[in-house]
Amino acid sequence: MTTITGGPSPPPAPCYTTPWHSTWFASEAEMGRFNWPEVLLCDDRRTYVVKQLERSAGLAAPPTMPVAKASSIGPRLIAAFLQRTFLGPARWRTDNGFCESSGGWASVREELFEQIPGAQAWRSQPRVENLLDTPEYRFWFLSRERADDTIDPPAFAVDTWTGHLWNKAGPQIDLLDRYVKGKRSIDTLVSDVCPPAV
């Protein structure tokens, strides 16, 4: 791709030419925003795009990263684990412990809790923070989905409100404690407590 400065009226607008011989001029409205050639050519796309979106929306970047809490570490762990699976051969799925259908029915996914005994025992403990008095909403189960569309039993379960994880046979893991011990690295936490994503 070649970038040429030029245009029909001042100030000069960038002109872009691609290897496919298409050419376009950036409009005045586009001059203040990022564009795909810039995104594709930058070193750190995520940071670049976030900074441009913040600028475009008039938002200031947060001065520091919010402090990890028990209620935030579970969703972060699940997201980081699934991010590892995106380009891998294995497909993973997440299922909530409570199923609500658009057809008007709802039920606890007992079959998932039965396969992770630690989560089964933990959900029955009374807690103030249950959404709609339904503790099962707090739990997310991660399972491998096979090429033939069969689903393995859950590899682990996460209580996203209290920040705990259970695998099939192991003891309860306090995710926030492990995160702090792992020098506050979500990548280290995923490697430490989750199964391989392949």
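Our structure's up above, just so we're on the same page.
About the cut-offs
Throughout, a residue's number is its position along its own chain's written sequence, starting from 1. With pLDDT at 70 or above as the cut-off, local features in this predicted model cover only qualifying residues; side-chain atom pairs require 80 or more to be listed or tallied, and sums for whole chains, interfaces and linings still use all residues. Side-chain calculation: all heavy atoms of the structure are included, whereas hydrogens and water are not. The working definition used for a salt bridge is a side-chain nitrogen of Lys or Arg within 4 Å of a carboxyl oxygen of Asp or Glu. In this description a helix means any DSSP run of H or I spanning at least four residues, a strand means any run of E spanning at least two, and both kinds are numbered starting from the N terminus. When accessible area is computed with a 1.4 Å probe and restricted to protein chains, residues below 20% of their type maximum are described as buried, those above 50% as exposed, and intermediate ones as partly exposed. The criterion for strand pairing is that DSSP finds at least two bridges linking the strands in question. The rule is short: rings of Phe, Tyr and Trp, with Trp giving its six-membered ring, pair when the centres are within 6.5 Å, and they are stacked under 30 degrees, edge-to-face over 60, tilted in between.

1. Digging into the pattern of salt bridges
Right, on to step 1. With the rule as written, the count across this model stands at 10 salt bridges.
Right, on to step 2. Arginine 123 is the partner of glutamate 110 in a salt bridge, and the nearest nitrogen-oxygen pair spans 2.7 Å. A residue pair is termed long-range when its members are at least 10 positions apart, and glutamate 110 in helix α4 (residues 110-115) and arginine 123 in helix α5 (residues 117-123) qualify at 13 residues.
Right, on to step 3. With relative accessibility at 12%, the residue arginine 123 sits in the buried group.
Right, on to step 4. Between aspartate 192 and arginine 178 there is a salt bridge, with the nearest N and O atoms lying 3.1 Å from each other. Of this pair, aspartate 192 sits in helix α7 (residues 186-193) while arginine 178 sits in helix α6 (residues 175-181), and the two are 14 residues apart along the sequence.
Right, on to step 5. Look at aspartate 192 and you get partly exposed, because its relative accessible area is 45%.
Right, on to step 6. Judged by its relative accessible area of 31%, arginine 178 falls in the partly exposed class.
Right, on to step 7. Several salt bridges share partner residues, and in doing so they unite Arg93, Asp95 and Arg109 into one network.

2. Quick word on the sheet that holds strand β7 (residues 139-145)
Right, on to step 1. Spatial strand order, β4-β7-β8-β9-β10: five strands in an open sheet with antiparallel pairing. The sheet is open, and its two edges are formed by β4 (91-96) and β10 (173-174), each paired on a single side.

3. A few points about the packing of aromatic side chains
Right, on to step 1. Applying the stated criterion across every chain, the model contains seven aromatic pairs.
Right, on to step 2. Their ring planes at 90° and their centres at 5.3 Å tell us that phenylalanine 81 and phenylalanine 156 sit as a pair that is edge-to-face. Of the two residues, phenylalanine 81 sits in helix α3 (residues 70-85) while phenylalanine 156 sits in strand β8 (residues 156-159), which places them 75 residues apart along the sequence.
Right, on to step 3. Seen in terms of ring centroids, phenylalanine 139 and tryptophan 166 are 5.8 Å apart; in terms of plane orientation they differ by 35°. Their pairing is tilted. In this pair, phenylalanine 139 is assigned in strand β7 and tryptophan 166 in strand β9 (residues 164-167), connecting sequence segments 27 residues apart.
Right, on to step 4. Taking relative accessible area as the criterion, phenylalanine 139 reaches 0% and is therefore assigned buried.
Right, on to step 5. Judged by its relative accessible area of 2%, tryptophan 166 falls in the buried class.

4. Notes on the pairing of β8
Right, on to step 1. Where burial is concerned, the two faces of β8 agree: the one with Phe156 and Val158 and the one with Ala157 and Asp159 are both buried.
Right, on to step 2. By the bridge criterion, four bridges tie β7 to β8 in an arrangement that is antiparallel. Note that in β8 the partner of phenylalanine 139 across the bridge is aspartate 159.
Right, on to step 3. Inspection of the sheet shows β8 paired to β9 by four bridges, in the antiparallel sense. Note that in β9 the partner of valine 158 across the bridge is leucine 165.
Right, on to step 4. Hairpin connection between β8 and β9: a loop of four residues separates the two successive antiparallel strands, and glycine 163 in this loop has a positive phi of roughly 75°.

Read these as geometric descriptors, not functional statements.
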